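Analysis of the macromolecular model
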Amino acid sequence: MASVPLPLEAAPIAFGTDGWRGILGVDITLERLLRVAAAAAAELAHSAPAGLDSRTVIIGFDRRFLAPELGAAIAAAVRGVGLEPLLAQEPLPTPAVSWAVVERKALGGLVITASHNPAEWLGLKIKGHFGGSVEPEFTARVEKRLAAGGISVAEEGETECFDGWAEYLKGLRSKIDLKALSHGLEAMNIAVIVDPMHGSAAGGLPALLGNNVQEIRSNRDPLFGGNPPEPLAPYLSELITAVKQSTAAAKPAVGIVFDGDGDRIAAIDERGRYCSTQLLMPLFIDHLARARNLPGKVVKTVSGSDLMQLVAEDLGREVLEMPVGFKYIASEMLSSEVLVGGEESGGVGFGMHLPERDAPFAALLLLEALVEGGKPLGERLDQLQARCGGASFYDRLDLRLKDMASRRRLEQQLAEAPPAEVAGVAVKEYIRTDGLKLRLGLNHWLMLRFSGTEPLLRLYCEAPDPERVALVLKWAQQFAEA
């Protein structure tokens with residue numbers, strides 16, 4: 001793994017789209033974690049709804065370096081503000097912590113994790129009593145508590161532990177007919193190969209589906225094999241090879257991959273094609289609305305594929321388009337009836353479950369959809385695309401700009417004089433829900449979106465063929481750099 005120079009000073013404690021993250025030993029230290037955990041726990045108690053008389057805060061952790069030890073340590077911070085910590089006895093996927101919060105009617109949860117970030121990172125996620133990530137207003141109040149300075153002192157003591165895996169798996173069994181699913185997979189003669197990327201979701205699907213599942217890279221490796229534990233195609237060569245080999249041996253396979261803390265999912269179809277949630281979300285919509293006939297609208301982020309909307313509209317479902325970030329989807333799930341909500345980066349939530357991204361649960365629904373359709377993933381997606389609007393292809397490019405001044409100039413140009421055409425195609429519509437999305441046609445758009453704090457520009461593109469995607473992203477890069 002290539003090393004990068006460490007910053008010489010810690011960044012200010014600030015919460016991003018889902019938690020506080022930073023470099024272990026620089027930004028994330030025990031002293032800082034104790035302060036943040038105490039402030040977060042105190043705010044969970046202060047913000048508890050009327051009638052919730054719990055004093056319990058669930059504590060979970062992933063498989064990163066020192067995550068188990070730091071998870072145990074922050075229990076002292078929770079005790080220090082007069083609350084009762086309940087600690088997972090082993091690494092858990094983040095959605096398992098959310099499940100425990102709801103099942104036990106706890107105040108909320110604290111998870112030591114850096115999700116899909118590189119190995120040198122760590123962080124803290126805060127889960128509300130409802131079983132999902134707290135809203136930005138909540139984390140702003142935590143930051144205010146930190147700025148004011150706390151008077152709490154970490155309190156040593158015995159910490160009660162619980163079997164989070166057993167509770168979570170029991171919950172998943174209550175929502176899926178696993179016996180029928182196993183029989184269906186056997187009847188289809190389909191191989192299921194799971195890659196948890198050395199993360200905390202390892203062992204989950206084999207425990208539920210037994211010999212129907214083969215798992216690779218399931219051991220704990222805090223370096224994650226040298227790549228970030230993010231479910232992206234460049235990091236999945238072992239899974240892609242295993243899927244292709246199985247299919248070549250007359251046993252079509254589906255590959256399923258989870259990120260480091262089990263809240264993001266992607267898949268590999270029987271041909272070895274990488275399938276992000278841009279392709280999986282339409283399948284979830286079709287399966288849950290058509291086959292399961294479950295109620296609710298579809299919520300997608302503005303960077304989501306047009307195919308999501310086309311499939312939803314084909315089934316008569318309302319579609320709501322939100323800014324990028326699962327927090328916007330979760331907010332909608334808490335306030336209205338939602339069938340499924342998802343973002344292009346792998347996070348999917350279901351109204352029948354939790355207002356939370358849950359990759360193992362999504363994997364079970366993916367397999368259920370394949371059994372219901374009687375076809376491997378690639379064929380199933382081809383069929384869906386043919387029915388609802390033709391093929392589409394997608395890619396994303398993160399472009400680091402020269403400096404913040406360059407970023408400001410580009411932001412001003414996009415606001416005042418956005419391009420009238422992109423790579424020879426006229427812009428039909430400008431959408432400013434989040435960043436700037438340039439609509440070029442059906443299944444054809446370019447989106448430019450800046451990072452919240454860095455001179456970083458994210459370029460997203462969907463087009464009818466992969467060559468066009470590459471051409472548009474190259475055009476966008478040249479436009480931005482000019």
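The structure this text deals with has already been given above.
Residues numbered from 1 in each chain as written. Predicted model: local features only at pLDDT ≥ 70, side-chain atom pairs only at ≥ 80, totals over all residues. Heavy atoms only, no water.

**Some points on the sheet that holds strand E16 (residues 393–400)**
- Pairing in this open sheet of five strands is antiparallel, and the strands run E16-E22-E21-E20-E19 from one edge to the other. Bordering the open sheet on either side are E16 and strand E19 (429–431), each of which pairs with just one other strand. The mean inter-strand angle of the sheet, taken between neighbouring strand axes irrespective of direction, is 15°.
- Inspection of the sheet shows strand E20 (residues 436–441) paired to strand E21 (residues 444–450) by five bridges, in the antiparallel sense. From the neighbouring strand, Leu-438 faces E21, where its bridge partner is Leu-446.
- In this fold helix H14 (residues 404–416) packs onto E20, E21 and strand E22 (456–463), with an angle of close to 135° to the strand it touches most, E21. (Pairing = 2+ DSSP bridges. Helix = DSSP H or I, 4+ residues; strand = E, 2+ residues; numbered from the N terminus. Axes fitted to C-alpha atoms, helices over the stretch in contact; angles between N-to-C directions. Contact = heavy atoms within 4.5 Å.)

**Focus on the sheet that holds strand E3 (residues 84–88)**
- Spatial strand order, E1-E5-E4-E2-E3-E6: six strands in an open sheet with mixed pairing. Each end of this open sheet is capped by a strand with a single partner; those strands are strand E1 (20–23) and strand E6 (160–162). Direction aside, the axes of adjacent strands within the sheet are offset by 20° on average.
- Where helix H2 (residues 67–80) meets the sheet, it contacts strand E2 (56–61), E3, strand E4 (108–112) and strand E5 (121–127), and its direction lies at approximately 165° from that of E2.

**Quick word on unusual backbone geometry**
- Backbone geometry places His-198, a non-glycine residue, at a positive phi of 65°.
- Along the chain, His-198 turns up in the loop between strand E7 (191–195) and helix H7 (204–209).
- For His-198, a relative accessible area of 8% gives the class buried.
- Residues other than glycine seldom take positive phi values, yet Ala-423 does so here, at roughly 50°.
- Note on placement: Ala-423 falls in the loop between strand E17 (421–422) and strand E18 (425–426). (Buried < 20%, exposed > 50% of the residue type's maximum accessible area, 1.4 Å probe, protein only.)

**Quick look at the packing of aromatic side chains**
- Within this structure, the stated rule accounts for five aromatic pairs.
- Where Tyr-394 meets Trp-445, the ring centres are 6.4 Å apart and the plane angle is 50°; that geometry is what we call tilted. With a gap of 51 residues between them, Tyr-394 in strand E16 and Trp-445 in strand E21 connect regions that are remote in the sequence.
- On the basis of relative accessible area, Trp-445 is assigned to the buried category, the value being 0%.
- Centroid distance Trp-475 to Phe-479: 5.3 Å. Interplanar angle 10°. Geometry classified as stacked. Pair noted here: Trp-475 and Phe-479 are both in helix H15 (residues 466–481), with a separation of four residues, about one helical turn.
- On the accessibility criterion, Trp-475 (21% relative accessible area) is partly exposed. (Phe/Tyr/Trp six-rings, centres within 6.5 Å; stacked < 30°, edge-to-face > 60°.)

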